[in-house]
Amino acid sequence: MKSRDLIKLLLYGLAMLGGGVFLLYALSGFGNRPRLIDQGVKDKILHMGNGSEPSGIDVHLTTGVQEHAIQMALTEGLMSEDPITLDPVPGMAERWDISEDGTVYTFYLRDALWSNGDSVTAQDFALSFKRALSASIGSEYSYMLFPLVNGEAYFKGEVEDFDQVGAKALDDKTLQITLEYSIPYFLSLINHHSWYPVHIASVEANGGFADRSNTWARLGTFVGNGPFVLHEWNVNSVLSVRKNPLYWDADSVKLNGINFYHIESLDTEERAFRAGQIHKTYKLPLPKIPHYIAEKDPRLLNAPYLGTYQYALNTSIKGLDDKRVRKALSMSIDRDSIVRNVTGAGEFPSYSIVPPDCAGYNSRSKVEYDVPEAQRLLAEAGYPGGEGFPKFSILYNTLESHKSIAEAIQQMWKENLGIEVGLENQEWKVYLDSKVRGDFDIVRFGWIGDYVDPNTFMDLYTGNSGNNNTRWASKEYDSLVVAASKENDPEKRLEIFQKAEEILVDEVPFIPIYYYMSTYLVDQRVKGLYPNLLDHHPYKHVYLEE
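Our subject in this report is the structure included herewith. (Residues numbered from 1 in each chain as written. Predicted model: local features only at pLDDT ≥ 70, side-chain atom pairs only at ≥ 80, totals over all residues. Heavy atoms only, no water.)

1. Details of the overall build of the chain
A count of helical and extended segments in the chain gives 18 helices and 18 strands. Expected size for 546 residues packed as a compact globule is a radius of gyration near 24 Å; at 24 Å, the chain falls within 12% of this value. Expressed as lengths along the three principal axes of its C-alpha atoms, the size of the chain is roughly 65 × 65 × 40 Å. Burial statistics for the chain: of 546 residues in total, 58% are counted as buried. For the chain, the exposed area adds up to about 21,200 Å²; of that, 49% sits on carbon and sulfur atoms. Side chains of the chain carry 52 positive and 74 negative charges; the gap between the two charge centres is 6 Å. (Helix = DSSP H or I, 4+ residues; strand = E, 2+ residues; numbered from the N terminus. Rg over C-alpha atoms; globule rule 2.2 N^0.38 Å. Buried < 20%, exposed > 50% of the residue type's maximum accessible area, 1.4 Å probe, protein only. Areas by Shrake-Rupley, 256 points an atom, 1.4 Å probe, with all protein chains shown as cover. Lys, Arg positive; Asp, Glu negative; His and termini not counted. Charge placed at Lys NZ, Arg CZ, Asp CG, Glu CD.)

Here you go:
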């Protein structure tokens, strides 16, 4: 990296400690030199904000959006996706066959290489699936592979021989996947990072095959098969990737590299964009959104996003173990006020888990905003007017927008129910650890669809889901989600989901607040980046226009 860029990155690091340092830089004579985005256009290097420092890049150990943004550059699965429609397109698999009953997929791999020159093989995929399903690694997304024959049984230790699991390398370039039941969205499902391959030799050389503390996914030891390779990683500053000359479709990759900047403050990030130091922001500060919308700024991207902003409730603790309390908390939140007065990006209030018109599904069961009923339920649970109510806290990861929303809800609960709750913020990695361990009362939780189907939201709250941190489980709910997965009739399938969601709305293990919008700034010279429901942007289609 050039010395000029190193200086600027140091300034970025200082900027994260306080926006004043960044402003001094932007207004100084040094700021008269070519802006980083202008140099980036010349060098074909995309500079983009990417939120907090990622928890890691191991595809089997991450759950966050910012981690996935990096993984898409470094690793490719059997399938990729169209940048506009999100339809599945060939990735590592150049073609495939599907059995008549839809349970057996045979993938024929192309002659592709890992970034160290090794061939990508069917064995790599089969062993990667084995790793993801190994209980010792503790993957929160292991349940994504449960549709494999004996996948769940292997995870639970009921089947010890992985040869009995429905993932077999028939030869070096032929992978056969056998499912427990037909899945209509399977080719989209396997574009999720939990189905990505890992370089087995690198994994084994840097710790145990299924050891969560394995160090293979770090600078100097990481080997990928995607359009870019890991180039530099300065913690809490920037992670850089550069074009992979060994990628099978390298001729289609127009960028020479991407710099992912870890700027936790949205205000600092927005100033960085205005100063010409990044081509794309991760998000926008909530108070700034109305201005950009009113000005019809062409750099603003504001589009529907298949996700639900919610609060997960720890149902194992006193107070929150009573669904009357949980209902009271949910029914006393004025969601219309939050999207109108706090978020302001055109979000829709959320009264159920699944966003509207998700692959033809629209929720019938919805939580109501009803303060008198909420007060009655709280009194019935033994806390009239909030008297004697336990002291709870709302946990959120450090971000101004999360704080603003939490403060609004804190005030609503005080005014409507007479209860006091505290607020607690944690840095991203610490927050993720607290959420996984269940070390919270109420926790901010954003769930973005992994594919466009209601199942990506429904299976979140099953008992087997590694992302269900509420300690709530229902055998009836689980059986309905499984039944919907096995149902081939589309109308009957959606009706089963309706019955499952009735249980969720009645039990209230979480509080839906609003449905997301993708809202960020993009320099107009960035091309090939299209708004879509998952906010996925396959980087080999992205380029910078001079």
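Read on for the rest.
2. Some thoughts on the sheet that holds strand S14 (residues 421-426)
Here we have six strands laid out as an open sheet, ordered S12-S16-S11-S15-S13-S14, and mixed in their pairing. The sheet terminates laterally at strand S12 (348-349) and S14, the two strands that pair on one side only. Pairing analysis gives six bridges linking strand S13 (residues 392-397) to S14, with the strands arranged parallel. Paired with Phe392 across the strands is Val421, a residue of S14. (Pairing = 2+ DSSP bridges.)

3. What about the pairing of strand S16 (residues 510-521)?
Judged by how many residues are buried, S16 sits mostly within the fold: 12 of 12 residues are covered. Relative to S16, strand S11 (residues 300-313) runs antiparallel, the two being bridged by 10 bridges. Considered in S16, the bridge of Leu300 is made with Leu521. Across two bridges, S12 lies against S16 in antiparallel orientation. For Pro349, the partnering residue across the bridge sits in S16 and is Tyr514.

4. Some remarks on the packing of helix H12 (residues 335-343) against helix H14 (residues 400-417)
At a closest axis distance of 11 Å, the pairing of H12 and H14 adopts a crossing angle of 135 degrees. One finds that H12 runs oblique with respect to H14. The way H12 lies across H14 gives a crossing that is right-handed. Along its contact with H12, which presents Ser337, Ile338, Val342 and Thr343, the element H14 presents Ser404, Ile405, Ala408, Ile409 and Met412. (Axes fitted to C-alpha atoms, helices over the stretch in contact; angles between N-to-C directions. Parallel < 35°, antiparallel > 145°, perpendicular 65-115°, else oblique. Left-handed = near helix turned anticlockwise from the far one by under 90°. Contact = heavy atoms within 4.5 Å.)

5. Notes on the sheet that holds strand S8 (residues 228-234)
Strand order in the open sheet formed by four strands is S1-S10-S9-S8, and the pairing between neighbours is mixed. Lying at the two open borders of the sheet, with one neighbouring strand each, are strand S1 (45-49) and S8. Across this sheet, the average inter-strand angle for adjacent strands is 15 degrees, counted without regard to direction. In the sheet, S8 pairs with strand S9 (residues 238-243) via six bridges, with the strands oriented antiparallel. For Phe228, the partnering residue across the bridge sits in S9 and is Lys243. Contacting S8, S9 and strand S10 (257-261), helix H4 (residues 65-74) crosses the sheet at an angle of about 135 degrees to S8.

6. Details of the side chain of Thr343
With respect to the helices, strands and loops of the structure, Thr343 is situated in helix H12. On the basis of relative accessible area, Thr343 is assigned to the buried category, the value being 1%. When near neighbours in sequence (up to four residues on either side) are disregarded, Thr343 contacts Leu286, Ile289, Ile338, Ile405 and Tyr514.

7. Digging into the side chain of Ser182
Tracing the sequence through the fold places Ser182 in the loop between strand S7 (174-178) and helix H7 (186-189). Note on Ser182: relative accessible area 18%, which makes it buried. Sequence-distant contacts of Ser182, defined by excluding residues within four places in its chain, comprise Asp101, Gly102, Thr103, Ser485 and Asn488.

8. Looking at unusual backbone geometry
The phi dihedral of Asn236 falls on the positive side, at around 60 degrees, and the residue is not glycine. With respect to the helices and strands, Asn236 occurs in the loop between S8 and S9. Given the relative accessible area of 44%, Asn236 is considered partly exposed.

9. What to know about the environment of Ser265
Of note, Ser265 is situated in the loop between S10 and helix H9 (266-274). Along the chain, Ser265 and Lys283 lie 18 residues apart, while their C-alpha atoms are 9.9 Å from each other. Side-chain polar atoms of Ser265 contact the side chain of Glu400, separated by 3.3 Å. (Polar contact = N/O pair within 3.5 Å; in protein donor to acceptor, adjacent residues only side chain to side chain.)

10. Focus: the pattern of salt bridges
According to the stated counting rule, one finds 23 salt bridges in the structure shown. Where Arg376 meets Glu380, a salt bridge forms, and the shortest distance between an N and an O atom there is 2.8 Å. Pair noted here: Arg376 and Glu380 are both in helix H13 (residues 371-380), with a separation of four residues, about one helical turn. Arg376 gets classed as partly exposed once you look at its relative accessible area, which sits at 40%. Beyond isolated ion pairs, a larger network of salt bridges with shared partners links Asp322, Arg324, Glu373, Arg376 and Glu380. (Salt bridge = Lys/Arg side-chain N within 4 Å of Asp/Glu carboxyl O.)

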